[in-house]
Amino acid sequence: MEFLKPPTDSLYKFLALSGLILFLVSITWPPWLLNKLVLSQYEVERDQQILKAEVNHFSLESLQFGLSVEVFSGRHSESKDENGRTSTPDFSLWQTSP
């Protein structure tokens, strides 16, 4: 039963240990990379949602600012809808408290 004895030659020991290390690394490294990739994907999705919310917020602010400029400069005229009724925008909802 000589095949059950551990290798005595240094080259065989090196190859056996290298193979064992390579096997352990090939089992642990891909799941670790997958976990890292999934976490970075979650982070990117979170940042994307935050940026979309900021864009919506700033577009509303710019719209409010544009309407305020029109009202204060006197260039805003009453508009008529399809029935001929005049309507003015309700700016009371856009007022912010100090």
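Everything numeric here is computed off the predicted structure, so don't read it as measured data.

Peer 1: So what exactly am I meant to see when it comes to the overall build of the protein here?
Peer 2: When helices and strands are tallied, the protein shows one helix and two strands. Put simply, the protein runs from its N terminus to its C terminus through helices and strands in the order α-β-β. When the 98 residues of the protein are sorted by exposure, 1% land in the buried category. Only carbon and sulfur atoms are counted for the fraction: they give 64% of the accessible area of the protein, which is about 9300 Å².

Peer 1: Would you explain the confidence of the model for the protein in this entry?
Peer 2: Low pLDDT means the predicted atomic positions in that stretch should not be read closely. For the protein, the average pLDDT comes to 79, and 66% of its residues sit at 70 or higher. Put simply, strand β1 (residues 79-80) is where the protein has its lowest mean pLDDT, 57, and helix α1 (residues 10-73) is where it has its highest, 90.

Peer 1: Any chance you could explain a nonpolar patch on the surface here in plain terms?
Peer 2: Together, L17, L20, F23, L24 and I27 give the surface a local cluster of nonpolar side chains, amounting to about 500 Å² of exposed area. Mapped onto the secondary structure, F23 falls in helix α1. With a relative accessible area of 49%, F23 lands in the partly exposed category.

Peer 1: What's the story with the pattern of salt bridges in this structure? I'm lost.
Peer 2: Across all of its chains, the model carries one salt bridge by this definition. Here R46 ties to D47 by a salt bridge, and the two come within 3.2 Å at their closest N and O atoms.

Conventions used here
Residues numbered from 1 in each chain as written. Predicted model: local features only at pLDDT ≥ 70, side-chain atom pairs only at ≥ 80, totals over all residues. Heavy atoms only, no water. Helix = DSSP H or I, 4+ residues; strand = E, 2+ residues; numbered from the N terminus. Buried < 20%, exposed > 50% of the residue type's maximum accessible area, 1.4 Å probe, protein only. Areas by Shrake-Rupley, 256 points an atom, 1.4 Å probe, with all protein chains shown as cover. pLDDT = per-residue confidence, 0-100. Patch = residues over 30% accessible without salt bridge, like charges linked within 9 Å, V, L, I, M, F, W, Y side chains within 5 Å. Salt bridge = Lys/Arg side-chain N within 4 Å of Asp/Glu carboxyl O.

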